[in-house]
Amino acid sequence: MKKLYFLFTFLLLSFVSFAQTTLSPGDLVITSIIADENDRFQFTPLVDLEAGTVIYFTDTGWNATTGAWRNDDFTEGCISYTAPTAVSSGTVITVSENSLTNGLFDAPTDGSMLHTDFGNSFALSTSGDAIIAFQGTPPASWDASTDTNPFPNPTFLFVATQHSTAWHDATSTKTTAIPTGLVEGTTAVAVGSGDGSGDEYDNAYYDATANPLNNKSQSEILALVGNPANWVGDNSVPTGWEITSFTTLSSKAFELENVNVYPNPISKGNEYITISSRLNDKMEVSVYNLLGKQLIKETITNNLLKVTQLKAGIYLLKIAQDNKHITRKII
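Residues numbered from 1 in each chain as written. Predicted model: local features only at pLDDT ≥ 70, side-chain atom pairs only at ≥ 80, totals over all residues. Heavy atoms only, no water.

Asks: For the overall build of the chain, give the residues involved together with the corresponding values.
Replies: Within the chain, the secondary structure is distributed over 2 helices and 21 strands. Buried residues in the chain amount to 48% of all 331 residues. Restricting the contact set of the chain to residue pairs at least 6 apart, pairs at least 24 apart contribute 70%. Here the chain displays about 15,500 Å² of accessible surface, and carbon together with sulfur accounts for 50% of that area. (Helix = DSSP H or I, 4+ residues; strand = E, 2+ residues; numbered from the N terminus. Buried < 20%, exposed > 50% of the residue type's maximum accessible area, 1.4 Å probe, protein only. Contact = heavy atoms within 4.5 Å. Areas by Shrake-Rupley, 256 points an atom, 1.4 Å probe, with all protein chains shown as cover.)

What follows is the structure, encoded as structure tokens:
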């Protein structure tokens, strides 16, 4: 029976395509926050997105002291983006709420951006705010009046705030700390007018004219966008806040080659899997379930990864070595 289960799983993996790209911190950047007039912002994936990939955005802040969202809910609102087709790395996506009709979006015009029912309406404060991008698994059912946090274990992707140049625990609707797993200077950027809570700009944007992103690698883009010196703050709606799509260096140039993972499928008696490449160096290895939750994160030097904690199922194995990376599916 056990062999039949693994055979069935293998066949399932062979014939079913997974229409959800599992993202990691830094796989997208936010390049503007416009709070005056109608709320607007731009974001750009730095990896290719499969059609159906869902990304959430919220202006609810993160409280690092409690390790949770402010009030453990989304009273400040949460919106979702679903890739309508395959989206190429470097595609700039503009989000613009309708200034007259709450809950409608003027852009994107393809219906890919929607308000969720996990909180109140998404609304950026002109006294400074933040936008946090993340992936997570929504609950099967949700009652906004009785239920609390619908995303208890999100994978944070990027955060930008124009409320201050410093990070402050989310004790108000305007503040945020750096969410778990994000790093100031690459995946977290604070671009206020000073370091006090409330030293804000109404609007802020990455200056792509002075600091072009074209033909840059993912790590180079993160270093540029994560640097607050490359942003412009303005208490009036600026004219140069929108940027156009740009070309990123192909991920193939940074992809590990000749990587072998075995055994795969993994039998119940196997405590370890072997991961080998032609590079003789340590590996940073992470394992995610298909909902995007990270289950294992280790640095290995002997090509062996212990997998006894994994239950039967299908997982994504991400391997990074010598500034190159690759993802494999394991059973």
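Asks: Describe the nonpolar core, naming the residues involved and giving the relevant values.
Replies: Phe-43, Phe-57, Tyr-81 and Phe-158 are the most contacted members of the largest nonpolar core, which has 39 residues in total. No other element matches the 4 residues that strand 1 (residues 28–34) contributes to this core. Val-259, Val-261, Ile-275 and Leu-310 belong to the second largest nonpolar core, which has 18 residues in total. (Core = buried A, V, L, I, M, F, W, Y, C linked by side-chain atoms within 4.5 Å.)

Asks: Kindly report on the sheet that holds strand 17 (residues 283–289), identifying the contributing residues and their values.
Replies: Ordered in space as 18-17-20-21, the 4 strands form an open sheet in which the pairing is antiparallel. Edge positions in the sheet fall to strand 18 (294–300) and strand 21 (324–330), since each has one partner strand and no second. Averaged over all neighbouring strand pairs, the angle between strand axes comes to 15°, with direction disregarded. Two elements, strand 17 and strand 20 (residues 315–321), share 6 bridges in a ladder whose sense is antiparallel. Across the sheet, Asn-289 pairs through a bridge with Tyr-315, a residue of strand 20. (Pairing = 2+ DSSP bridges. Axes fitted to C-alpha atoms, helices over the stretch in contact; angles between N-to-C directions.)

Asks: Account for empty space enclosed by the protein, naming residues and giving values.
Replies: A complete count under the given rule lists 1 cavity of 30 Å³ or more for this structure. Estimates place the volume of the largest cavity at around 40 Å³. Lining the largest cavity, in full, are Thr-161, His-163, Ser-164, Ala-166, Trp-167, His-168, Lys-174, Thr-175 and Thr-176. (1 Å grid on protein atoms, 1.4 Å probe; cavity = no way out; pocket = protein on both sides within 12 Å on 5 of 7 lines; lining within 4 Å. Points joined across faces, edges and corners; volume = space filled by probe spheres on them.)

Asks: Quick one: what's the story with the side chain of Asn-211, residue by residue and with numbers?
Replies: Relative to the elements of secondary structure, Asn-211 occurs in the loop between strand 13 (203–206) and helix 2 (218–225). Overall, the relative accessible area of 18% leaves Asn-211 in the buried class.

Asks: Report on the pattern of salt bridges, specifying residues and quantitative values.
Replies: Using the criterion set out here, one finds 2 salt bridges in the structure. Residues Arg-40 and Glu-37 are paired through a salt bridge, measuring 3.5 Å at the closest nitrogen-oxygen approach. Take Arg-40: its relative accessible area is 11%, and that puts it in the buried class. Residue classification places Glu-37 among the exposed residues on the basis of a relative accessible area of 65%. Between Glu-76 and Arg-70 there is a salt bridge, with its nearest N and O atoms 2.9 Å apart. Just as Glu-76 is buried, Arg-70 falls in that class too. (Salt bridge = Lys/Arg side-chain N within 4 Å of Asp/Glu carboxyl O.)

Asks: How would you summarise unusual backbone geometry if you had to cite specific residues and measurements?
Replies: Following Ala-107, the chain continues into Pro-108 via a peptide bond in cis, with omega recorded as -5°. Position of Pro-108 among the secondary structure elements: in the loop between strand 8 (105–107) and strand 9 (113–115). Of note, the amide linkage connecting Tyr-262 to Pro-263 takes the cis form, showing an omega dihedral of -5°. Positionally, Pro-263 belongs in the loop between strand 15 (260–262) and strand 16 (272–276). In this structure, Glu-37 takes a positive phi of about 60° despite not being glycine. Secondary-structure assignment places Glu-37 in the loop between strand 1 and strand 2 (40–45).

Just distances and angles here, no functional claims.
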